[in-house]
Amino acid sequence: MVRLKSRYVLFEVILSPHISNVDEEEKEQETSQFTRYNILLSHHRPCPKEISIKTLIQEIRHSLQLNFGDYGSGKIGSLLQLKYFSNNTGTGIIRCHREDVDTLVASMMLINKIGDVENIIINPVKISATIKKIEQYSIRRSSKLLSLLNKSRKQTALKLDLVDNFNNVEEDSQD
């Protein structure tokens, strides 16, 4: 008996900075300060509720059909399975056959709309043979991102404090 060999693809859904539920005043503040912290936060935020496991798998199958035809859709669709997706982090794990992983990744990268949500990027992050290694990599990646955000936030706060102190010194010298 032949064993079915599969691959797991870790991916993230990156939203365009233009899609936001933020007030106009907060948008102006975000665009006025292009700091590393603001850029990271603008791309790594929770996905809308419209993006679910069902809509993701439908869009991937539609992209396969559109870009690779009946043959590509039929070949990849037999073992295609979305194992995990979180709206809070925008990350997911999808399983496919070993020979079809390149076609799947290409079709995922060609998606720019899921349901009513436009201007998105599906970024395949890592491919592995076991789901355990993908989960471990995802945890390490998330912790690195959190530490990077914390470090950038502290640096931004320090820079803003320095600018405020400098402005106070200028005002005192003018008096």
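Above this text is the structure in question.
Predicted, not measured: the structure shown is a model, and the values here were computed from it.

### Things to note about the nonpolar core
- In this structure, F11, V13, I51, L80, I94 and I122 are the most contacted members of the largest nonpolar core, which totals 25 residues.
- Contributions of two or more residues to this core are made by β1 (6-15), α3 (53-77), β2 (81-85), β3 (91-97), α4 (101-109) and β6 (120-128).

### Things to note about the side chain of E12
- Relative to the assigned elements, E12 resides in strand β1.
- Of note is the side chain of E12, whose polar atom sits 3.2 Å from the side chain of R141.

### A short note on the side chain of S63
- Positionally, S63 belongs in helix α3.
- The class of S63 is buried, set by a relative accessible area of 4%.
- Within the structure, the side chain of S63 is placed 2.8 Å from the backbone oxygen of S107, a separation counted as a polar contact.
- Aside from chain neighbours lying at most four places away, what touches S63 is F68, S107, L110 and I111.

### Side note on α3
- The terminal C-alpha atoms of α3, which comprises 25 residues, lie only 15 Å apart, well short of the 36 Å expected from a rise of 1.5 Å per residue.
- Remark: the principal bend of α3, roughly 135°, maps to F68.
- Regarding α3, the residues found buried are T55, L56, I57, I60, S63, L64, G72, S73, I76 and G77.
- Buried residues along α3 sit against β1, β2, β3, α4, β4 (113-114) and β6.

### Section: the environment of K75
- Here K75 lies in helix α3.
- Residue K75 is classed as partly exposed on the basis of its relative accessible area, which comes to 40%.
- Considering only alpha carbons, one finds K75 and D100, 25 residues apart in sequence, at a separation of 7.9 Å.

Calculation rules
- Residues numbered from 1 in each chain as written.
- Predicted model: local features only at pLDDT ≥ 70, side-chain atom pairs only at ≥ 80, totals over all residues.
- Heavy atoms only, no water.
- Core = buried A, V, L, I, M, F, W, Y, C linked by side-chain atoms within 4.5 Å.
- Buried < 20%, exposed > 50% of the residue type's maximum accessible area, 1.4 Å probe, protein only.
- Helix = DSSP H or I, 4+ residues; strand = E, 2+ residues; numbered from the N terminus.
- Polar contact = N/O pair within 3.5 Å; in protein donor to acceptor, adjacent residues only side chain to side chain.
- Contact = heavy atoms within 4.5 Å.
- Expected span 1.5 Å × (residues − 1).
- Bend = angle between axes of the 7 residues up to and from the residue.

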